[in-house]
Amino acid sequence: MELTLEKTLQLESMKDAKLIVGENKLHQVISDIMVMEQPDVEHWLTKNQLILTSLYDYKDATKEEFEHFVKKIKRYHGAGIIVKVGRGVSTIPPDLITACQKSDIPLIKIPVTTQYRNVISEIMQFLLYAKRNEMDYYYQFHHEFLNLMHSSQVQLNDIVKLLSKLLNLPVMLLDRQNVIYATNPYYRDFEVLDEEDFAFNKYFDFKEKTYYFPSINKKYKAVTNIAYTDSKHAYELVVIQTDATIDLREIIVIENACHQLQIQAVNNRNIETIKHSMKLDLLDIVLFHTTSNKFEIDEAVNQLHLRKNVKYRLLIMAHNLKQNEEKIEKSFENLMQPEFPQYMSKITSTMIVIIFPILKEEDMDSKCIKQKLTQKLQHLNYDWIQQVFITEPTDVMLLPDEIQKVRKFRAMLEHSTPNGPFIIEEDMFIYKLIQQFGNSYQLLQIIPNGLLELHDEQPDLYITLRAYLENSLNKKKTAQKLYVHPKTITYRLNRITELTGIDFENGESLLTYNMAIKVIDYTLPDASDSF
């Protein structure tokens, strides 16, 4: 409880006091009282300090001297002047009254019978008692938070609930402007109208905002503070001032709550990191059978809540991202989450392995999955994806076999990719056919005239032809892929026709050259893609 000018005038030692100037300053806070022996207040006056004086040194002062004296008190934020009349002066000088009125400094008169020691003693006792109560107040609330934090399974919501209980005010916890908890559901929907400087922002990094709550059609000011931030979260604590303005004591309690939120948020992140690491280890066992112990494999399947009676698919993404795992996960979260919320992922420096269950009949169709993901890519920026292999539905215990199969496919596609980044097993038909032939070098003997020479001697034309066929004879897409002008593509295609005899309007010719290019790429994998 603060000592104000109004409470000072109500003290027993001040019963004969009279307020001369300062009716509008009764709320002025008093932090100390000092007897003025010399008028050099600039050397000793502290903020909110009350001056007790007999004006002995000012009994013959001029108007200018009184004005200079009062201005110094104002400059150093003095709380007011108490003048004891009957010793230095018989009455309060009118020039002092005028100076106090101009500077808005409270002026109080006490009679000669009022003892200094009684005034000083009673004011100091009040201040010491208030300070002790303040310390008890802080200790009580700090003790409440400590008890909570020492209990088991503390959640961020528990800290918010306790703060709301201690302040008797509604409190919200936001994460990047999204409400994750509100002690009163009426405050979950809101609009921020404005933001102002906070009264105590010299000491605390808080903001004061005005919120509009449509569910109750009311506006309230709120004290807010960003309690914790990391790459995933930005927790903001919002204390809504529904009844009264929050004072400094309550601000310190809010600061304490922010500190506890920070501690708990760090603990949560550490726990998440450990769980994530354990999950990746379990995924290694399920996807790669890093152990031959069947019991350990079964245990990993159970820990990941995978089911043996459900079919699963793998998406194996070859990527070129130069980022950490968190940023990569964020990049493809929007791709997977809407369609396959139960997915799990394992990230390496060159690929992402994603496993998800087949829960809908339509997801048994590989073409349907490919179409869904292709449509998603059209609306999102995923140019970091090089290839995405979509495996066939399989049992959870056979997932390592699918990964081995994809590794073989990747080797086949080292220099050639079917149309689009998403590859299903059906797209691999020609490559598997070549593989079944055995000695693919014998196939080079029947490559159309001029194509091998194009590959060996004019790789720019060879790569242009391959890109043109992969992009369904679309010159614009081919030019975009090769980063050249469409007219350059037209020129090169004319040269390719001259050198090879390919007929771009003949389906048989296109099929022949398409298969021939795949034979060359499969058989001569060291051919360069640069020119």
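Report follows, based on the coordinates. (Residues numbered from 1 in each chain as written. Predicted model: local features only at pLDDT ≥ 70, side-chain atom pairs only at ≥ 80, totals over all residues. Heavy atoms only, no water.)

Below, the discussion takes up unusual backbone geometry. Even without being a glycine, N48 presents a positive backbone phi close to 65 degrees. For N48, a relative accessible area of 19% gives the class buried. The backbone of Q177 shows a phi angle near 70 degrees, a positive value even though the residue is not glycine. Residue placement: Q177 occurs in the loop between strand 6 (171-175) and strand 7 (178-182). Looking at Q177, the relative accessible area reads 43%, which means it is partly exposed. (Buried < 20%, exposed > 50% of the residue type's maximum accessible area, 1.4 Å probe, protein only. Helix = DSSP H or I, 4+ residues; strand = E, 2+ residues; numbered from the N terminus.)

Okay, the nonpolar core next. Soluble, globular proteins show a tendency: their nonpolar side chains are buried together. Formed by 35 residues in total, the largest nonpolar core has its most connected members in L163, L237 and I254. At the level of elements, helix 4 (116-150), helix 5 (156-167), strand 6, strand 10 (218-229), strand 11 (234-241) and helix 6 (248-288) are the ones that each hand at least two residues to this core. Counting residues in each nonpolar core, the second largest holds 27 residues, with I434, Y462, L493 and Y513 among its members. (Core = buried A, V, L, I, M, F, W, Y, C linked by side-chain atoms within 4.5 Å.)

Enumeration according to the criterion identifies 9 aromatic pairs in this entry. Centroid distance Y58 to F69: 4.7 Å. Interplanar angle 35 degrees. Geometry classified as tilted. Separated by 11 residues along the polypeptide, Y58 in the loop between strand 3 (49-53) and helix 2 (63-75) and F69 in helix 2 bring together distant segments of the chain. What makes Y58 buried here is its relative accessible area of 9%. With 6.0 Å between their ring centres and 15 degrees between their planes, Y211 and F213 make a pair best called stacked. One exposure class covers both Y211 and F213, and it is buried. Through a chain of ring-to-ring contacts, the aromatic side chains of Y187, F190, Y211, F213 and Y220 assemble into a single cluster. Above the plane of the ring of Y116 lies K84, whose end atom (NZ or CZ) is 4.8 Å from the centre. (Phe/Tyr/Trp six-rings, centres within 6.5 Å; stacked < 30°, edge-to-face > 60°. Lys NZ or Arg CZ within 6 Å of the ring centre and 35° of its normal.)

So, on to the sheet that holds strand 2 (residues 32-35). A sheet is described by the order of its strands in space; here 5 strands give the open sequence 1-5-4-3-2, paired in mixed fashion. Each edge of the sheet is formed by a strand with only one pairing partner; in this case those strands are strand 1 (18-21) and strand 2. Direction aside, the axes of adjacent strands within the sheet are offset by 25 degrees on average. With respect to the sheet, helix 3 (residues 94-103) is in contact with strand 1, strand 4 (80-84) and strand 5 (107-110), its orientation differing from that of strand 1 by roughly 70 degrees. (Pairing = 2+ DSSP bridges. Axes fitted to C-alpha atoms, helices over the stretch in contact; angles between N-to-C directions. Contact = heavy atoms within 4.5 Å.)

That's the geometry; what it means functionally is another story.
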